[in-house]
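Fold and contact review
What follows is each chain in one-letter form.
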Amino acid sequence: MARTRILVVDDETLLRGLLVQRLSLEADLEVVGEAVNGRAAVELAARLRPDVVLMDLSMPVLDGAQATERIVARYPHIQVIILTAFRELAHVGKPWGASDSLNKGCSFAELVQAIRRARTSQQAAGASDADEGYGATVQRLALRMGLTERESRAVQRAMNPDLTVSQIAASLSTEDGGQTSVSGVKHALERAMIKLRVEPRTRAALVKYILEAHQSA
């Protein structure tokens, strides 16, 4: 599974260094850059295109609120988590486009959970983008070839090359508010390929089949 790429933004050298050190120990996380103020954060976000930005709220040159607005406006897929030392401001990040806001007094486990939630949200948004592009084609084939709703939704998610099978399962679970297993996704894709008569029964062959159907529509 691809690791979540993180940009850490904080003007306090010690805190920034501790965050980088601790986050780097998580197997599914990767710190790709550090910034000491909002302006540097905007520049690095443009160059590095991280998945998640941990953004300090109070910084010189350009504060976290302004930096968040600029990053999200230019790169909507980037998830920004606001970090602040002021408890009364710990939940005000959404008006600026942040996906979450945390008080700096939170535990490291809470921070990691917020990062993983942001990544799941990002992947679900990516899946929705893929649905918009090929959804009509998949639904047309589903009606003609008798795919169930579960099978057609799994096929739509499979069209997004950035999603692994486990990420597809997580995306569907988030959408349904339930629990979709990896084996459940694999079974749905297998049944869909049988009905669509896709050979060999691989994801690459399935994607090729849908692309060809989409282009000929």
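See the structure above.
All figures in this text were calculated on a predicted structure; none of them were measured in a lab.

**Here we look at the pairing of strand β3 (residues 52–56)**
In terms of burial, β3 is largely enclosed, as five of its five residues are buried. Burial along β3 is two-sided: the residues V52, L54 and D56 and V53 and M55 are all buried. When strand β1 (residues 4–9) meets β3, the two strands line up parallel, connected through four bridges. The partner of V8 across the bridge, within β3, is L54. Note: β3 against strand β4 (residues 79–84), five bridges, orientation parallel. Note on β4: the bridge partner recorded for M55 is I82. Running through helix α3 (residues 64–74), the crossover from β3 to the neighbouring parallel element β4 is right-handed.

**With respect to unusual backbone geometry**
Note: most residues except glycine have negative phi, and most peptide bonds are trans. The omega torsion across E199 and P200 is -5 degrees, close enough to zero to call that bond cis. The phi torsion at V61 lies on the positive side, around 70 degrees, for a residue other than glycine. The residue V61 is located in the loop between β3 and α3 in this model. Classification of V61 as exposed rests on a relative accessible area of 52%. A positive phi angle, close to 60 degrees, is found at R197, a residue other than glycine.

Calculation rules
Residues numbered from 1 in each chain as written. Predicted model: local features only at pLDDT ≥ 70, side-chain atom pairs only at ≥ 80, totals over all residues. Heavy atoms only, no water. Buried < 20%, exposed > 50% of the residue type's maximum accessible area, 1.4 Å probe, protein only. Helix = DSSP H or I, 4+ residues; strand = E, 2+ residues; numbered from the N terminus. Pairing = 2+ DSSP bridges. Right-handed = clockwise from strand over helix to strand, strands pointing away.

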